[in-house]
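As a plain string of letters, each chain reads:
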Amino acid sequence: MKKFLLILFIVLPFLAQLAILPFVNRIGPIILGLPFLHFWLFLWIVLTPICTLGIYHLQKSKGGLN
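Bear in mind the structure is a predicted one, so any value in this text is a computation, not a measurement.

Brief notes about the packing of aromatic side chains
Then comes step 1: Summed over the entire model, instances satisfying the criterion amount to two aromatic pairs.
Then comes step 2: With a centroid separation of 6.2 Å and an interplanar angle of 35°, the aromatic rings of Phe36 and Trp40 are classed as tilted. With Phe36 and Trp40 both in helix H2 (residues 36-62), this residue pair falls four residues apart, about one helical turn.
Then comes step 3: Chaining the aromatic ring pairs together yields one cluster made of Phe36, Trp40 and Trp44.
Then comes step 4: Here Arg26 stacks its cationic end above the ring of Phe36, 4.7 Å away from the centre of that ring.

Dropping the structure here:
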């Protein structure tokens, strides 16, 4: 299960910011005053460090860090 989470945390930001981008490339709906594309990118700017923190904690619990 931890290996699956590790792979998910590594791949998810890449997919969300690059692979899914053509599908969210639209103006509507307006969220927090931003077009959907800008909101999506801003959301993943915030979520990517959280994924990195998850990778860190998984590696730390696995004994991968000194």
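Considering the nonpolar core
Then comes step 1: Judged by nonpolar contacts, Ala16, Val24, Phe36, Leu37, Trp40, Trp44 and Cys51 together constitute the single largest core of seven residues.
Then comes step 2: If you tally residues by element for this core, the top one is H2, at five residues.
Then comes step 3: Other than its neighbours up to four places away in sequence, Leu37 contacts Leu21, Val24, Asn25 and Arg26.

Focus on unusual backbone geometry
Negative phi values dominate among residues other than glycine, just as trans dominates among peptide bonds.
Then comes step 1: Cis peptide bonds are those with omega within 30 degrees of zero, and the linkage from Gly28 to Pro29 qualifies with 0°.
Then comes step 2: Here Pro29 shows up in the loop between helix H1 (2-19) and H2.

As for a nonpolar patch on the surface
Then comes step 1: A cluster of nonpolar side chains, Ile7, Ile10, Val11, Phe14, Leu15, Leu18, Ile20 and Phe23, forms an exposed patch at the surface whose accessible area comes to about 770 Å².
Then comes step 2: With respect to the helices, strands and loops of the structure, Phe23 is situated in the loop between H1 and H2.
Then comes step 3: Judged by its relative accessible area of 66%, Phe23 falls in the exposed class.

Things to note about the environment of Arg26
Then comes step 1: Within the secondary structure layout, Arg26 lies in the loop between H1 and H2.
Then comes step 2: Arg26 sits in the partly exposed class, given a relative accessible area of 43%.
Then comes step 3: Once the C-alpha coordinates of Arg26 and Leu41 are considered, the two residues, 15 residues apart in sequence, prove to be 12 Å apart.

Considerations on the packing of H1 against H2
Then comes step 1: Here H1 crosses H2 at 160°, and the two axes come no closer than 9 Å. Between H1 and H2, the crossing angle belongs to the class labelled roughly antiparallel. Classified by chirality, the crossing of H2 by H1 is left-handed. Of H2, the residues touching H1 (which contributes Lys2, Leu5, Leu6, Phe9, Ile10, Leu12, Pro13, Ala16 and Gln17) are Trp40, Trp44, Ile45, Thr48, Cys51, Gly54, Ile55, Leu58, Gln59 and Ser61.
Then comes step 2: Residues belonging to the contact of H1 with H2 are distributed by class as follows: 13 nonpolar, five polar and one charged.

Calculation criteria
Residues numbered from 1 in each chain as written. Predicted model: local features only at pLDDT ≥ 70, side-chain atom pairs only at ≥ 80, totals over all residues. Heavy atoms only, no water. Phe/Tyr/Trp six-rings, centres within 6.5 Å; stacked < 30°, edge-to-face > 60°. Helix = DSSP H or I, 4+ residues; strand = E, 2+ residues; numbered from the N terminus. Lys NZ or Arg CZ within 6 Å of the ring centre and 35° of its normal. Core = buried A, V, L, I, M, F, W, Y, C linked by side-chain atoms within 4.5 Å. Buried < 20%, exposed > 50% of the residue type's maximum accessible area, 1.4 Å probe, protein only. Contact = heavy atoms within 4.5 Å. Patch = residues over 30% accessible without salt bridge, like charges linked within 9 Å, V, L, I, M, F, W, Y side chains within 5 Å. Areas by Shrake-Rupley, 256 points an atom, 1.4 Å probe, with all protein chains shown as cover. Salt bridge = Lys/Arg side-chain N within 4 Å of Asp/Glu carboxyl O. Axes fitted to C-alpha atoms, helices over the stretch in contact; angles between N-to-C directions. Parallel < 35°, antiparallel > 145°, perpendicular 65-115°, else oblique. Left-handed = near helix turned anticlockwise from the far one by under 90°. Nonpolar A, V, L, I, M, F, W, Y, C, P; charged D, E, K, R; others polar.

So far we have only geometry, and geometry alone does not tell us how the molecule works.
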